Amino acid sequence: MSPSFAGVSFVGDSSLSPSASVALPIVMSGYHVLVVNGYSRTKDTPNGKCIRSQSFKIGGHRWFIEYYPNGYGEEKASDISFYLVLDEVNNVEPVTAHYTFSFLGQSHTLINGSPLLVGASRGYKFAVNELWSPQCFMKRQNFEKSMHLKNDSFTIVCHVSIMKNVNIGDAASSTRFVVVPPSQYHLYNLLQSQEGTDVTFQVGGEKFAAHRCVFAARSAVFKAQLFGPMKEGTTDSIVRIDDMEAKVFRLLLGYIYCDSVPEVDEELMLQHLLVAADKYDLPRLRLICEYKLCPCINADTVGTMLELAEQHHCQGLKEACLDFLNSPANLQQVITDAGGLDNLTSSSSSVLTEHIAKLASSLKFDK
């Protein structure tokens, strides 16, 4: 189970300024899945030539995977090889990452006493002139006899973790108000294999095969919808969800099976995911969204965040918003951006107006 960041405790003065030179080491991790359909066709790729995955982001850095069906270099012509590549040619600071390549569902299978895939967890320092990891490889003959090649297809999973030092001042807006409990739940392989799926969710123009029992175990709302008086149709029915985008449901689906959320660059996506977490009674997912949204609070977003917190029972996010507004400089910036206190109170939500009025009553601001 990957370590989860669970908050900060202070001994003494906890009101550190953003410029305080205190750093907190945390592990940022994730994985990317490379699916190869039509393995036999890829065998025509010459030695030294590769097939690249799409670019993906983990730990604040972009990566991609290179797959060499006939190895890289003459001495590896009888192998299949994989490399993790840092997709940042202009990156000045080295990035030390631990990574693992494995086949989907792979246990520590051995062939002739050797691992099926040479991909034990290892650390490597990626730098300007060393963007490629050491190769991860296995003998093609062994691979083609293995259980991992099915219907001329296989799936590789690359796990990446990076240790970073996060300034306490930057992290405080999340850690002071929101604590996310560690995950103890992971059904990733079940989700990927889709074996035994017995319900299909239609969201927008996409369909997602899933397991009723998993959804019912994770959410009382889904349990009522799938098994209780609210159940829709028969066991092979399609359940329509019309108030959510497919890309948001995909994140929700991943959380239900894996109890984790990948890095999301879009703040709006996190807001929609938070709404879904509240609707389907997934309190830990709501906390994760709150935690990720706290650092996004600024003069432009505080009104939206505060209203979101009020509507969806997010006490930590609400307290973080009020803490932001408690700063006279921040409060002045919100009022100035709105064109004055009168404009703010007439154009903003009642939630923000109420709190602004309370805070501004004891201070003098330009109207």
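Residues numbered from 1 in each chain as written. Predicted model: local features only at pLDDT ≥ 70, side-chain atom pairs only at ≥ 80, totals over all residues. Heavy atoms only, no water.

You can read under Pathway (unreviewed entry) in the UniProt record for the protein the words "Protein modification; protein ubiquitination." (UniProt positions renumbered as here; feature names shortened; annotations may be inferred.)

Draft legend 1. The arrangement of the overall build of the protein in detail. Tallying secondary structure elements over the protein gives 14 helices and 14 strands in all. Counting every position in the protein, which comprises 367 residues, the buried fraction comes to 43%. Across the protein, every contact between residues at least 6 apart in sequence was considered, and the portion connecting residues at least 24 apart equals 67%. Accessible surface computed for the protein: about 19,200 Å², of which carbon and sulfur atoms make up 51%. (Helix = DSSP H or I, 4+ residues; strand = E, 2+ residues; numbered from the N terminus. Buried < 20%, exposed > 50% of the residue type's maximum accessible area, 1.4 Å probe, protein only. Contact = heavy atoms within 4.5 Å. Areas by Shrake-Rupley, 256 points an atom, 1.4 Å probe, with all protein chains shown as cover.)

Draft legend 2. Seen up close, the environment of G59. Turning to its location among the elements, G59 is positioned in the loop between strand 3 (56-58) and strand 4 (61-68). For the pair formed by G59 and V160, sequence separation is 101 residues and the distance between their alpha carbons is 8.4 Å.

Draft legend 3. Region of the structure containing the packing of aromatic side chains. With the rule as written, the count across this model stands at 21 aromatic pairs. Between Y68 and Y72, the aromatic rings sit 5.4 Å apart at their centres with planes inclined by 75°, giving edge-to-face as the arrangement. Residue class for Y68 comes out buried when judged on its relative accessible area of 6%. Of the aromatic side chains, those joined through ring pairs into one cluster are Y39, Y67, F82, Y99, F101, F143 and F154. Over the ring of F137 we find K76, and its NZ or CZ is 3.7 Å from the ring centre. (Phe/Tyr/Trp six-rings, centres within 6.5 Å; stacked < 30°, edge-to-face > 60°. Lys NZ or Arg CZ within 6 Å of the ring centre and 35° of its normal.)

Draft legend 4. Structural context of the sheet that holds strand 14 (residues 238-241). Spatially, 13-12-14 is the arrangement adopted by the three strands of the open sheet, whose pairing is mixed. Lying at the two open borders of the sheet, with one neighbouring strand each, are strand 13 (206-210) and strand 14. Each neighbouring strand pair of the sheet contributes to a mean axis angle of 25°, computed without reference to strand direction. As judged from the four bridges shared by strand 12 (residues 199-203) and strand 14, these two strands associate in the parallel manner. By the bridge assignment, Q202 is partnered in strand 14 with R240. (Pairing = 2+ DSSP bridges. Axes fitted to C-alpha atoms, helices over the stretch in contact; angles between N-to-C directions.)

Draft legend 5. Local environment of the pattern of salt bridges. Enumeration over the complete set of coordinates arrives at 13 salt bridges. Put simply, E144 and K43 hold a salt bridge, and the shortest N to O gap is 3.0 Å. Here E144, found in helix 2 (residues 140-145), pairs with K43, found in the loop between helix 1 (39-42) and strand 2 (51-52); they are 101 residues apart in sequence, far enough to count as distant. (Salt bridge = Lys/Arg side-chain N within 4 Å of Asp/Glu carboxyl O.)

Draft legend 6. Main features of the nonpolar core. If you look at the biggest cluster of nonpolar residues, it comprises 60 residues, and the most contacted ones within it are F201, F215, F249 and L252. The biggest single contributor to this core is helix 7 (residues 246-258), with ten residues. Grouped together as the second largest cluster of nonpolar side chains are 32 residues, V36, V85, F143 and I156 included. (Core = buried A, V, L, I, M, F, W, Y, C linked by side-chain atoms within 4.5 Å.)

Draft legend 7. Molecular detail of the packing of helix 8 (residues 267-279) against helix 9 (residues 283-293). Between helix 8 and helix 9, the least distance of the axes is 8 Å, while the angle of their chain directions is 155°. Between helix 8 and helix 9, the angle falls in the class roughly antiparallel. Considering how the two elements wind past one another, helix 8 and helix 9 form a crossing that is left-handed. Contact residues: helix 8 offers E267, L270, Q271, L273, L274, A277 and D278, while helix 9 offers L285, R286, C289, E290, K292 and L293. (Parallel < 35°, antiparallel > 145°, perpendicular 65-115°, else oblique. Left-handed = near helix turned anticlockwise from the far one by under 90°.)

Draft legend 8. Expanded view of the confidence of the model for the protein. Here the protein shows a mean pLDDT of 77. Residues at 70 or above account for 73%. Low confidence marks residues 1-21, where pLDDT is under 50. Its contacts with residues over four positions away, or in another chain, come to 25 contacts. In the model, residues 107-116 has pLDDT below 50 throughout and makes eleven contacts with residues more than four positions away in sequence or in other chains. (pLDDT = per-residue confidence, 0-100.)

Draft legend 9. Summary view of the side chain of T155. Topologically, T155 is positioned in strand 11 (residues 153-167). Residue classification places T155 among the buried residues on the basis of a relative accessible area of 17%. Apart from residues lying up to four places away in sequence, T155 is in contact with V33, L34, V35, S102, F103 and L104.

Draft legend 10. Seen up close, unusual backbone geometry. One non-glycine residue, Q194, lies in the positive phi region at around 60°. On the accessibility criterion, Q194 (42% relative accessible area) is partly exposed. The backbone of D281 shows a phi angle near 55°, a positive value even though the residue is not glycine. We classify D281 as partly exposed; its relative accessible area is 42%.

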